[in-house]
Amino acid sequence: MPQILIDHSPGLDFDALAFAAEVHALIPTVIDAPIGACKTLVRPALRHLVGDGASGEAVVLVEIKILAGRSTAIRAELSAAVTDLLRAYVRVPVAFGVEITELDRETYLFVHHDGK
């Protein structure tokens, strides 16, 4: 069920799919979710801006949506582990943001649509 959204600056030299595969493998070690339930979208941005734009710094923002109920400590552990993975994958000056958000168990719905 974890949904991973990876947004990053245009032209960033970053193997986002390899990073995503490692995030998928990491998630079951931190929270009770199977690797097969992980879904990732990689969204390279058309443009970006950090501050006044003078630094030219790139940006990578990762949001991991999980079902509500995990402790703050567990969510913080996952966030720190994902940040460590980012450091291994991005080798240029960059601003990272990692957020673990919770989906309401009573209202969240995910469907595998067969196209019919």
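See the structure shown above.
What comes next concerns the included structure. Sequence positions are assigned chain by chain, starting from 1 and proceeding in written order. Only residues with pLDDT of at least 70 get local features here, since the model is predicted, and only at 80 or more are side-chain atom pairs given and counted; chain-wide, interface and lining totals rely on the full set of residues. Based on all heavy atoms of the structure, the side-chain values leave hydrogens and waters out of the count.

Quick look at the sheet that holds strand β3 (residues 58–67)
Turning to step 1, where the next piece is worked out: Spatial ordering of the open sheet is given by β2-β1-β3-β4, a layout of 4 strands whose pairing is mixed. Pairing within the sheet leaves two strands with one partner each, and these edge strands are β2 (39–44) and β4 (94–103). Going across the sheet, the axis of each strand differs from the next one's by a mean of 10 degrees, ignoring polarity.
Turning to step 2, where the next piece is worked out: Here strand β1 (residues 3–8) runs beside β2; their pairing, made up of 6 bridges, is parallel. Pairing of I6 across the sheet is with V42, part of β2.
Turning to step 3, where the next piece is worked out: Across the face of the sheet, helix α1 (residues 16–30) comes into contact with β1, β2 and β3 while running at roughly 150 degrees to β1.
Turning to step 4, where the next piece is worked out: Contact criterion: two residues are considered in contact whenever any of their non-hydrogen atoms come within 4.5 Å of each other. For helices, the fitted axis covers only the stretch in contact; all axes are lines through C-alpha atoms, and the angles between them, taken along N-to-C directions, range from 0 to 180 degrees. Numbering of helices and strands starts at the N terminus; helices are DSSP runs of H or I of at least 4 residues and strands are runs of E of at least 2. Strands β3 and β4 of the sheet are contacted by helix α2 (residues 72–89), whose axis makes an angle of about 150 degrees with β4. In this scheme, strands are said to pair when DSSP sees at least two bridges between them.

Here we look at the nonpolar core
Turning to step 1, where the next piece is worked out: For this analysis, a nonpolar core means a set of buried residues of the types Ala, Val, Leu, Ile, Met, Phe, Trp, Tyr and Cys, connected via side-chain atoms within 4.5 Å. Under the scheme applied here, a residue whose accessible area is under 20% of the maximum for its type counts as buried, over 50% as exposed, and between as partly exposed, the area being computed with a 1.4 Å probe on protein chains only. Judged by nonpolar contacts, the single largest core of 27 residues is most densely connected at F14, F19, I27, V60, V62, I64 and V82.
Turning to step 2, where the next piece is worked out: Elements with a contribution of two residues or more to this core: β1, α1, β3, α2 and β4.
Turning to step 3, where the next piece is worked out: If you tally residues by element for this core, the top one is α1, at 7 residues.

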